[in-house]
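Survey of secondary and tertiary structure
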Amino acid sequence: MVELLLLLHRRCSYHMMTTLSQTKELFRRADAVCFDVDSTVIKEEGIDELAKFCGVGDAVTEMTRKAMGGSMTFKTALTERLSIIRCSREQVNKLITDHPPQLTPGIRELVDRLHQRNIKVFLISGGFRCIVEHVATQLNIPLHHVYANRLKFYFTGEYAGFDESQPTAESGGKGKVISMLKEQYGFKTVVMIGDGATDLEACPPASAFIGFGGNVVRPQVKERCSWYVTSFGELLKEMEKI
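Keep in mind that what you see is a predicted model, and the values were worked out from it rather than measured. (Residues numbered from 1 in each chain as written. Predicted model: local features only at pLDDT ≥ 70, side-chain atom pairs only at ≥ 80, totals over all residues. Heavy atoms only, no water.)

1. Notes on the sheet that holds strand S3 (residues 146-149)
Heads up, the condition is: Two strands are said to pair when DSSP picks up at least two bridges between them. For the purposes of this entry, the term helix denotes a DSSP run of H or I that reaches at least four residues, the term strand denotes a run of E that reaches at least two, and both are numbered from the N terminus. Should any heavy atoms of two residues lie within 4.5 Å, those residues are counted as being in contact. Every angle, taken between N-to-C directions, lies between 0 and 180 degrees, and every axis is a line fitted to C-alpha atoms, over only the stretch in contact when it is a helix.
Taken in spatial order, the six strands make up an open sheet running S3-S2-S1-S6-S7-S8, and their pairing is parallel. The sheet is open, and its two edges are formed by S3 and strand S8 (228-229), each paired on a single side. Both strand S7 (residues 208-212) and S8 contribute to a ladder of two bridges, which runs parallel. Bridge pairing in S8 places Phe212 opposite Val229. Of the strands in this sheet, strand S1 (32-35), strand S6 (190-194) and S7 touch helix H2 (residues 20-28), which is tilted by about 100 degrees from S7.

2. Focus: the nonpolar core
Where a protein is soluble and globular, its nonpolar side chains tend to be buried together. Which entries qualify depends on this criterion: To form a nonpolar core, buried Ala, Val, Leu, Ile, Met, Phe, Trp, Tyr and Cys residues must be joined to one another through side-chain atoms within 4.5 Å. Summary of the burial criterion: residues with accessible area below 20% of their type's maximum are buried, those above 50% are exposed, and those between are partly exposed, where the area comes from a 1.4 Å probe applied to protein chains only.
Phe27, Phe35, Leu123 and Ile193 are the most contacted members of the largest nonpolar core, which has 33 residues in total. Among the elements of the structure, S1, helix H7 (107-116), strand S2 (120-128), helix H8 (129-138), S3, S6, S7 and helix H12 (232-239) are those that each provide at least two residues to this core. Those residues within four positions of Leu123 in sequence are excluded, and the remaining contacts are Phe35, Val37, Val41, Val132, Val135, Ala136, Ile141, His145, Val146 and Tyr147.

3. Description of the side chain of Asp36
Where we set the bar: What qualifies as a polar contact is a pair of N or O atoms within 3.5 Å, subject to a donor-acceptor requirement within protein and to the restriction that residues adjacent in sequence count only when both atoms come from side chains.
By the secondary structure assignment, Asp36 is in the loop between S1 and helix H3 (46-53). Judged by its relative accessible area of 4%, Asp36 is buried. Polar contacts involving the side chain of Asp36 include one to the side chain of Lys174, which spans 3.0 Å. Excluding residues that lie within four positions of it along the chain, Asp36 makes contacts with Val41, Ile124, Lys174, Met192, Ile193, Gly194, Asp195 and Asp199.

4. Observations concerning the UniProt feature "active site" (unreviewed entry) in the protein chain
The test is simple: UniProt positions are given in the numbering used here, feature names are shortened, and annotations may be inferred rather than shown by experiment.
Per the UniProt record, "active site" (unreviewed entry) is annotated on Asp36 and Asp38. A polar contact of 2.9 Å, which involves the side chain of Asp36, links it to the side chain of Thr40. Mapped onto the elements of the fold, Asp38 is located in the loop between S1 and H3.

5. With respect to unusual backbone geometry
Here Cys203 and Pro204 are connected by a cis peptide whose omega angle stands at -10 degrees. Topologically, Pro204 is positioned in the loop between helix H10 (197-200) and S7. In this chain, Pro204 is followed by Pro205 through a cis amide linkage whose omega measures 15 degrees. In this structure, Arg86 is a non-glycine residue whose phi angle is positive, near 45 degrees. If you trace the backbone, Arg86 turns up in the loop between helix H5 (74-85) and helix H6 (89-98). Residues other than glycine seldom take positive phi values, yet Asn140 does so here, at roughly 60 degrees. Position of Asn140 among the secondary structure elements: in the loop between H8 and S3. Using a relative accessible area of 58% as the deciding quantity, one classes Asn140 as exposed.

Printed below as a string of structure tokens:
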């Protein structure tokens, strides 16, 4: 009971303390910035695009909406959506070749600027590593800075499930990754940027959270964060103030 009260106190303290100006200050002085990928760094939801490509788009899009809204656990939603899609290795490769992920305007410039300032950039995604690595390569983000879910295939190339041991396969997983990064690299200030409930949950342990609505606006995220942006240009402008 004492532990629960301490956790609630920490969370309440965080929400009381991080005003808009404090969040901006934390962003400008961050050691590391972690980005969600689907509907943040890229315009689309990777799993929805994969579902469409495999001919089961409508069923999966509805489940993604529920998962992003926080009405079911992330792992449940991921398991159920993948059991509908059942993509082969060949289908995944063909999707990346024929319909590569579309970068959100401004993200390339923002990541370049962060790198210039020697701020480490990480991609933390509930999506699939094979797609996220393609995005990381486009943005010159090292592949060991990518945390995402791994699809599994049989030797025939048919779908065999996903790696359930990855922290990003669970609700709260993005926060676990950030805790691990802080411990591994000694980061003091880590900022999380994303559009969904799983991104908001990562703060704390993230020092600050910035809501992103440039591709899709999720009201429950917009209402609960002190800084909500609709373009990466707003973040670039803030960095100029250093």
